[in-house]
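The chain contents come next:
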Amino acid sequence: MFDRRLRFGAFIAPFHPTDENPTLAIERDLELVQWMDTLGYEEAWIGEHHSAGYEIIASPEVFIAAAAERTRHIRLGTGVSSLPYHHPFMLADRINQLDHMTRGRVMFGVGPGALVSDAFAMGIPVAKQRDMMDESLGVIIRLLRGETVSHESDWFKMREARLQMTPYSRPSVEIAVASQVSPTGARAAGRHGLGLLSLGATSTGGFNALASNWAIAEDLARENGQVMDRAAWRLVGPMHVAATKDQAIADVRFGLEKWLYYFREIANLPVAPVFGDQDPVEAMLATGLAVIGTPDEAAEKIQALADQSGGFGAFLFMAHNWAPFEATKRSYELFARYVAPRFQQLNVNRDASMQWAGANKPEFMGQAIAAVGARIAQHAMEKGTENIRPEIVALIGAGQANPQAAE
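So, how was this worked out
- Residues numbered from 1 in each chain as written.
- Predicted model: local features only at pLDDT ≥ 70, side-chain atom pairs only at ≥ 80, totals over all residues.
- Heavy atoms only, no water.
- Pairing = 2+ DSSP bridges.
- Helix = DSSP H or I, 4+ residues; strand = E, 2+ residues; numbered from the N terminus.
- Axes fitted to C-alpha atoms, helices over the stretch in contact; angles between N-to-C directions.
- Core = buried A, V, L, I, M, F, W, Y, C linked by side-chain atoms within 4.5 Å.
- Buried < 20%, exposed > 50% of the residue type's maximum accessible area, 1.4 Å probe, protein only.
- Contact = heavy atoms within 4.5 Å.
- Lys, Arg positive; Asp, Glu negative; His and termini not counted.
- Salt bridge = Lys/Arg side-chain N within 4 Å of Asp/Glu carboxyl O.
- Nonpolar A, V, L, I, M, F, W, Y, C, P; charged D, E, K, R; others polar.
- pLDDT = per-residue confidence, 0-100.

### Some details on the sheet that holds strand β4 (residues 106-111)
- Spatial strand order, β1-β2-β3-β4-β7-β8-β9-β12: eight strands in a closed barrel with parallel pairing. Going across the sheet, the axis of each strand differs from the next one's by a mean of 25°, ignoring polarity.
- Alignment of strand β8 (residues 195-198) against strand β9 (residues 233-237), held across three bridges, turns out to be parallel. Of the residues in β9, the one forming a bridge with serine 198 is leucine 235.

See the structure below:
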């Protein structure tokens, strides 16, 4: 049993093969966020990428602005903004604007930038990306909290820079740092007391690193006078849920192999394992990286993550487009209906109420029959039993003599 309401959402890079219309693909991403909002999901995080063809959202801020107009409740985050790609003042100002436009629904996820091809295109040395992220993050935190900042770096300058609008969210928008197996993100989160986005949490390396990365973050937090909050820890992993395991497997044959190709041959991210000549679906299932199965299997994975991590605040689907869109929407629906309630205590009182009513059914039934019988008996005395069915007369007679027998 969780001691808090676990939140659920999606981490939408997104991943779209190059054999489809990109305009319609982005529209489908917006539709997915709308569907999640309807189903009661709490969060959607939107990626930033500029090369390699698959991850086609260049500006999470633009996407979030459009999604905010189509939704009512779901919170929307940059998943993540690559800090070395932006002047910190300009990025902080855009996030601050979104904070106002969304009435506090925006979240700010940050990272160094995942695709080497992006950094190469901008002339950014890959070896410097993490140092650049750390430097930028320290400045952006101060800006988003309303401070005036002067700072000179080898790649940006600020002179008495201050955001024009005070933040809508106080003390600022929620900030989370991306982390995989390395401790870079955990160290940054701990140093500043920020949230943590554990990408690839279901991979072998990511799963094994969960507890250790959180311990690293807590150590750095203590050293810097900060406090880490498990409610601000998000774990990310791929799932596809269907009514049966066979159906789930059939669904993902639509797009899993294309997704694997992207990570094997194009992207520099060690997300997907190499399977050789094995059937990709069966091999993926054998790794434990993904859930391709029923709501019960999805719930088992969430529980395993809880046990391994020691507790976290939100689980995010890694949106992957393995299945046709209608099957993908159905997967999100099945999870929202049958998995999320188990970790949000949504039916605890309902179950207790049903058990209480069942335990007291004999007494309640007897009282109901006695009450109805009294009214029928009154009618019979006044008008006779001509229009009352014989079995009802017999039932009421038995009920008046013995309510439990009448039941």
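### Brief notes about the nonpolar core
- The biggest cluster of nonpolar side chains holds 74 residues, and the ones touching the most others in it are Phe108 and Phe335.
- In this view, phenylalanine 108 contacts Trp45, Thr78, Ser81, Leu83, Leu91, Ile95, Ile140, Leu144, Val173, Glu174, Ile175 and Ala176; residues no more than four positions away in its chain are not counted.
- By size, the runner-up hydrophobic cluster in this structure holds 32 residues, among which are Ala13, Leu115, Ile249 and Leu269.

### What to know about the environment of isoleucine 292
- Inspection of the secondary structure puts isoleucine 292 in strand β11 (residues 291-293).
- Residue class for isoleucine 292 comes out buried when judged on its relative accessible area of 1%.
- Expressed as a C-alpha distance, the spacing of isoleucine 292 and isoleucine 140, which sit 152 residues apart in the sequence, is 39 Å.

### Here's the deal with unusual backbone geometry
- For the bond running from alanine 13 to proline 14, omega is -10°, close enough to zero to count as cis.
- Among the structural elements, proline 14 can be located in the loop between β1 (7-12) and α1 (22-39).
- Of note, the amide linkage connecting glycine 79 to valine 80 takes the cis form, showing an omega dihedral of 0°.
- Here valine 80 shows up in strand β3 (residues 75-82).
- Here the phi dihedral of arginine 103 falls at roughly 55°; this positive angle occurs in a residue that is not glycine.

### Some details on the side chain of aspartate 251
- With respect to the secondary-structure elements, aspartate 251 resides in helix α8 (residues 245-252).
- Although aspartate 251 lies buried, it forms no salt bridge, and the closest oppositely charged side chain, arginine 330, sits 8.4 Å away as judged by the N-O distance.
- In contact with aspartate 251, not counting residues within four places along its chain, are His240, Ala242, Trp322, Ala323, Pro324 and Ala327.

### Concerning the packing of helix α13 (residues 348-359) against helix α14 (residues 361-383)
- In the contact formed by α13 and α14, the axes pass within 5 Å of each other and the chain directions differ by 65°. Residue-level inspection shows Trp356, Ala357, Gly358 and Ala359 of α13 in contact with α14, the latter providing Lys361, Pro362 and Phe364.
- Residue composition of the contact of α13 with α14, grouped by class: five nonpolar, one polar and one charged.

### Points about the confidence of the model for the chain
- Chain-level statistics for the chain give a pLDDT mean of 92 and a share of 94% at 70 or above.
- Every residue in residues 401-407 is under pLDDT 50, and counting partners more than four places away or in other chains gives ten contacts.

### A short note on the pairing of strand β12 (residues 314-318)
- Burial runs high along β12: five of the five residues are buried.
- Of the two faces of β12, both are covered, the one formed by Ala314, Leu316 and Met318 as well as the one formed by Phe315 and Phe317.
- Pairing geometry for β9 and β12, over four bridges, is parallel. For arginine 234, the partnering residue across the bridge sits in β12 and is alanine 314.

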